[in-house]
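Per-entry structural report
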Amino acid sequence: MRKYLMLVTACSAFFISISGCDFPVKHKAGRTDTMATTKPHLIARPVVIEVIAHDRANFDPDPIYDMTKGILNDVDDIRKWKNHVTIYLHIPNPEDALKEIKKAYPEDSIKYYEKPFYSFNRKMCADTISSKQWENIVMTANLVSDPKLQQEYLSYHATQFKNWPEVAKGFCNANFQQLLVFKNGRQLMLVISIPKGESLDKLNPKTAENNPRVDEWNRLMKKYQEGIPGTKSGAVWIEFKPFHTN
């Protein structure tokens, strides 16, 4: 597997190059981006693109590395689990990236996660200062098949900040920089942003320290979630790992 992004000499409709192709991005305070702000009226949007490979053994990630040169915040934003590959992007016009990936993988299934239905950030914390560099953890699970329970789950998240403020407080205590939840059909895609160099295993327990409502919330959410196909029995959330690691 590759350890570095390949160089790209030409710019497609969605490439953002350090020189030659200036695509505007609204800079997010406290975050290190590789893209310069040139036209603030075009706003970067967070999305996840998932490629479900038809042939796992012969899946070639090179087109993804080529196409995302210059628009990834970090090489680790390309991640994998079994035959699933995710690309987390924060750019204007992410639909252009989606079109190019569909062209590159015509025999594979492509899922697009846009407009997160849940969003947490440091503005909700007493300490609003964000870290300069982030690492993004990407996880996935399914909602149960019952439409009524699915709607309950979405309603809980729509009112969480008001009715369960302790959950956001737990995210603040754990120094989470951002937490987004996307949905495509029954499948959920979770992106947790933490300070670069930190570990989710280290930070996550801090969400529930002296905060029993977080444990209560987590117990409540279990009835709405299940693992995607291929997940081990009894497991729910699985984490995608950086593609370039063995």
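Here, every reference points to the structure presented above.
Reference entry: report on the structure contained in this document. None of these values were measured; they are calculated from a predicted model. (Residues numbered from 1 in each chain as written. Predicted model: local features only at pLDDT ≥ 70, side-chain atom pairs only at ≥ 80, totals over all residues. Heavy atoms only, no water.)

**Here we look at unusual backbone geometry**
Even without being a glycine, Lys82 presents a positive backbone phi close to 50°. For Lys82, the location among the structural elements is in the loop between strand 2 (78–81) and strand 3 (84–91). Of note, the phi angle at Asn210 is positive, near 50°, even though the residue is not glycine. With respect to the helices and strands, the residue Asn210 is situated in the loop between helix 6 (200–203) and helix 7 (212–221). (Helix = DSSP H or I, 4+ residues; strand = E, 2+ residues; numbered from the N terminus.)

**Topic: the pattern of salt bridges**
Counted according to the given criterion, the structure contains 8 salt bridges. When the shortest N-O distance is used, the salt bridge between Glu100 and Lys103 registers 4.0 Å. Residue Glu100 and its partner Lys103 are located together in helix 2 (residues 94–104), separated by 3 residues, close to a single helical turn. Put simply, Arg213 and Glu166 hold a salt bridge, and the shortest N to O gap is 3.4 Å. With Arg213 in helix 7 and Glu166 in helix 5 (residues 165–173), this pair connects stretches of sequence that are 47 residues apart. Look at Arg213 and you get partly exposed, because its relative accessible area is 26%. Salt bridges linked by common partners bring Glu166, Arg213 and Glu216 together as one network. (Salt bridge = Lys/Arg side-chain N within 4 Å of Asp/Glu carboxyl O. Buried < 20%, exposed > 50% of the residue type's maximum accessible area, 1.4 Å probe, protein only.)

By themselves these figures say nothing about function.
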